[in-house]
Amino acid sequence: PRQPAKTLWYDRPRYVFLEFCVEDSRDVRVDIEDQRLVFSCRNADGVEFYNEINLYARVNSKDSREKRSDRSITCFMRKWKEKVAWPRITKENIKPAWLSVDFDNWRDWEGDEEVERAMVEQYAEV
């Protein structure tokens, strides 16, 4: 039986970040399309996780990446229209139970571009 992974998201001027909270993930697949993201993996117990998100707005799938750690898989997707705030991550105006805003990383954008660039470069090095 598949189940959705607990997912956190936050918005930045150039990127949208999604974190799928699955510890000890295996068989990770992340398909980032222009208007959709499909995520799947298994955990150490063999539980299968699957999330499909129709995105609020278009992203540049060629300039989007993911990074796997022991505790989660983080995706950062380059917005097609930069500096346009996303009020939500989903195209539909509904909030799935498994999706939450990452308030630890959510902040006002003013002067935030340097911080964002540093975060993306840090992820890219891993």
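Refer to the preceding data block for the structure.
The numbers attached to residues start from 1 for each chain and follow its sequence in the written order. Selection of residues for local features in this predicted model requires a pLDDT of at least 70, selection of side-chain atom pairs for listing and counting requires 80 or more, and totals for whole chains, interfaces and linings are taken over all residues. Hydrogens are left out, water is left out, and the side-chain values use all remaining heavy atoms of the structure.

> Explain the pattern of salt bridges to me, please; I cannot follow it from the model alone.
Note that side chains of opposite charge can pair when their charged atoms are close. By definition here, a salt bridge exists when the distance from a side-chain nitrogen of Lys or Arg to a carboxyl oxygen of Asp or Glu is within 4 Å. Under the criterion given, the structure shown has eleven salt bridges. Note that arginine 29 is salt-bridged to aspartate 31, the shortest N-O span being 2.7 Å. Burial classes: relative accessible area under 20% of the type maximum marks a residue as buried, over 50% as exposed, and values in between as partly exposed (1.4 Å probe, protein chains only). Residue arginine 29 is classed as exposed on the basis of its relative accessible area of 51%. A salt bridge links glutamate 82 to arginine 78; its shortest N-O distance comes to 2.5 Å. Taking relative accessible area as the criterion, glutamate 82 reaches 31% and is therefore assigned partly exposed. Salt bridges linked by common partners bring Arg14, Asp63, Arg65, Arg78 and Glu82 together as one network.

> Would you explain the sheet that holds strand β9 (residues 99-101) in this entry?
Each strand in a sheet pairs with its neighbour through backbone hydrogen bonds, running either in the same direction (parallel) or in the opposite one (antiparallel). Strand pairing is assigned whenever DSSP identifies at least 2 bridges connecting the two strands. Helix and strand definitions here come from DSSP, where helices need a minimum of 4 consecutive H or I residues and strands a minimum of 2 consecutive E residues; each element is numbered from the N-terminal end. Strand order in this open sheet of five strands is β7-β8-β3-β2-β9, and the pairing throughout is mixed. Every other strand in the sheet has two partners, leaving β7 (59-68) and β9 as the edge strands with one partner each. Strand-to-strand twist across the sheet, computed as the mean angle between neighbouring axes with direction ignored, equals 20°. Relative to β9, strand β2 (residues 6-11) runs parallel, the two sharing three bridges. Note that in β9 the partner of tryptophan 9 across the bridge is valine 101. Angles shown run from 0 to 180 degrees and are taken between the N-to-C directions of axes, each axis being a line fitted to C-alpha atoms and, for helices, limited to the stretch in contact.

> Just checking my understanding: could you explain the pairing of strand β6 (residues 48-54) for this structure?
The two faces of a sheet get side chains in turn, since along a regular strand they alternate between them. Burial along β6 is one-sided: Phe49, Asn51 and Ile53 are buried, and none of Glu48, Tyr50, Glu52 and Asn54, which face the opposite way, are. For strand β1 (residues 2-3) and β6, the ladder comprises two bridges, and the chain directions are parallel. Its bridge partner lying in β6, arginine 2 is registered against glutamate 48. In sequence, strand β5 (residues 36-42) turns back onto β6 through a hairpin of five residues, with glycine 46 there showing a positive phi of about 85°.

> How do you make sense of the pairing of β7 when you look at a structure like this?
Two strands pair when backbone bridges link them, and β7 and strand β8 (residues 73-79) are joined in this way by six bridges, in the antiparallel orientation. Directly across from asparagine 60, in β8, lies its bridge partner arginine 78. Taking the residues that link successive antiparallel strands as the turn, the β7-β8 hairpin has four residues.

> How should I be thinking about the side chain of threonine 7 in this particular structure?
The topology assignment puts threonine 7 in strand β2. A relative accessible area of 0% means that threonine 7 is categorised as buried. Here alanine 5 takes part through its backbone oxygen, which lies 2.8 Å from a polar atom of the side chain of threonine 7. Contacts are residue-level and defined by heavy atoms, with any inter-residue pair within 4.5 Å sufficient. Setting aside residues no more than four positions away along its own chain, threonine 7 makes contact with Leu18, Glu19, Phe20, Asn51, Trp98, Leu99 and Ser100. Here a polar contact means two N or O atoms within 3.5 Å. Within protein one must be a hydrogen donor candidate and the other an acceptor candidate, and residues neighboring in sequence count only if both atoms are side-chain atoms.

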